[in-house]
Amino acid sequence: MDKKEALDALKKKMEQDTSLPLMPANLVFGEGSANAKVLCIGEAPGAKEDKEGRPFVGRSGQLLNRLFDGVGWRREDVYITNIVKRRPPDNRDPSPEEIEAYKPYLSEQVEIIDPRVIMTLGRFSMRYFIPEGKITRDQGRVFQVDGRLVVPMFHPAAALRSTRTLKALMASFKELASMIYTRK
């Protein structure tokens, strides 16, 4: 089974798992290249993502696309997903129980894609890999976690609210892009 087939099988398994929280919200599994060097992981889908069944398609996704363009990446060449694969009500933060319930599926996605770098978008996805992390301190830093490079980044939604955060996020994207294509 190749990576795309493995991801499709995992998605089907999730669709059939009625024990997962946040139903009946739509499953937003993830999208992009199954062979991506970079795996972007957000927190949970928003309203637009729930409606379309795709990650990062609202305002945050538009900014993410501009950030990709700014470093010469194409969205379809990275893989984008979230820790929690269904939208929490009222756009609230995902609960620890919800994160725990979806954790095995995210772990399997990571294993299938086997990216060179995991870019966490926001504090919840950062803490998934770096439990003691602080996004304001660790944004843009490179960590080695279970043999993978993990780079916490501010969530694009935070960058939409603050010019300072946006500038830091843009600078970190440029550094990450240069690192990915210069390291062997």
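Use the structure listed above.
So, how was this worked out
Residues numbered from 1 in each chain as written. Predicted model: local features only at pLDDT ≥ 70, side-chain atom pairs only at ≥ 80, totals over all residues. Heavy atoms only, no water. Helix = DSSP H or I, 4+ residues; strand = E, 2+ residues; numbered from the N terminus. Expected span 1.5 Å × (residues − 1). Bend = angle between axes of the 7 residues up to and from the residue. Buried < 20%, exposed > 50% of the residue type's maximum accessible area, 1.4 Å probe, protein only. Contact = heavy atoms within 4.5 Å. Pairing = 2+ DSSP bridges. Lys, Arg positive; Asp, Glu negative; His and termini not counted. Salt bridge = Lys/Arg side-chain N within 4 Å of Asp/Glu carboxyl O. Polar contact = N/O pair within 3.5 Å; in protein donor to acceptor, adjacent residues only side chain to side chain. Arc of directions from axis to C-beta.

A. Region of the structure containing unusual backbone geometry. Between Met23 and Pro24 the backbone carries a cis peptide bond, its omega angle lying at 15 degrees. Locating Pro24 in the fold gives a position in the loop between helix H1 (3–16) and strand S1 (31–32). Even without a glycine there, the phi angle at Phe56 is positive, about 50 degrees. Within the secondary structure, Phe56 sits in the loop between helix H2 (47–52) and helix H3 (59–70).

B. A look at helix H4 (residues 96–113). For H4, which comprises 18 residues, the first-to-last C-alpha distance of 25 Å matches the rise-based estimate of 26 Å (1.5 Å per residue) to within 8%. When the local axis directions of H4 are compared, the greatest deviation, roughly 45 degrees, occurs at Lys103, which is followed within four positions by the proline Pro104. Along H4, the residues classified as buried are Glu98, Ile99, Tyr102, Tyr105, Leu106, Gln109, Val110, Ile112 and Ile113. If you follow the buried residues of H4, they end up packed against H1, strand S2 (38–42), strand S3 (79–82), strand S4 (117–121), helix H5 (123–129) and strand S6 (148–153). Of the residues flanking the end of H4, it is Asp114, one or two places downstream, whose phi is positive at about 50 degrees.

C. Looking closely at the sheet that holds S2. What the six strands build is an open sheet, ordered S1-S3-S2-S4-S6-S5; its pairing is mixed. Each edge of the open sheet carries a strand with a single partner, namely S1 and strand S5 (143–145). Bridge count for S2 against S4 is four bridges, and the pairing is parallel. For Val38, the partnering residue across the bridge sits in S4 and is Val117.

D. Representation of the environment of Gly133. Examined against the element boundaries, Gly133 turns out to sit in the loop between H5 and helix H6 (135–138). Separated by 70 residues in the primary sequence, Gly133 and Leu63 place their C-alpha atoms 24 Å from one another. If sequence neighbours within four positions are ignored, Gly133 has contacts with Met126, Arg127 and Asp138.

E. Here's a closer look at the pairing of S3. What you see with S3 is no split at all: Tyr79 and Thr81 on one side and Ile80 and Asn82 on the other are buried throughout. Two elements, S1 and S3, share two bridges in a ladder whose sense is antiparallel. By the bridge assignment, Glu31 is partnered in S3 with Ile80. Where S2 meets S3, four bridges bridge the pair, whose relative direction is parallel. Directly across from Cys40, in S3, lies its bridge partner Ile80.

F. Up close: the side chain of Glu49. Relative to the helices and strands, Glu49 is located in helix H2. Although buried, Glu49 forms no salt bridge, and the nearest oppositely charged side chain, Arg87, lies 6.6 Å from it. A polar contact is formed between the side chain of Glu49 and the backbone nitrogen of Gly58, at a distance of 3.1 Å. In contact with Glu49, not counting residues within four places along its chain, are Val28, Arg54, Pro55, Phe56, Val57 and Gly58.

G. Seen up close, H3. Between its terminal C-alpha atoms H3 stretches 17 Å, which fits the 16 Å expected from twelve residues at 1.5 Å a residue. Within H3, burial applies to Ser60, Gly61, Leu63, Leu64, Leu67 and Phe68. Projected down its long axis, H3 carries its buried residues within an arc of 160 degrees, all on one side. Set apart from the buried face of H3 by more than 90 degrees, the exposed residues are Arg59, Asp69 and Gly70. Of the residues one or two after H3, Gly72 is the one with positive phi, at around 80 degrees.

H. Summary view of the pattern of salt bridges. Within the structure shown, the criterion is met by 13 salt bridges. Glu31 serves as the salt-bridge partner of Arg54, at 2.8 Å between the closest nitrogen and oxygen. Highlighted residues: Arg54 in the loop between H2 and H3 and Glu31 in strand S1, separated in sequence by 23 residues. Given a relative accessible area of 33%, Arg54 falls into the partly exposed group. Between Glu31 and Arg75 there is a salt bridge whose closest N-O contact spans 2.9 Å. Residue Glu31 is found in strand S1, and its partner Arg75 is found in the loop between H3 and S3; the two are separated by 44 residues along the sequence. For the pair Glu31 and Arg75, one class covers both residues: buried. Here the salt bridges share partners, and the residues they tie into one network are Glu31, Lys48, Glu52, Arg54 and Arg75.

It is worth stressing that arrangement in space is one thing and function is another; only the former is reported here.
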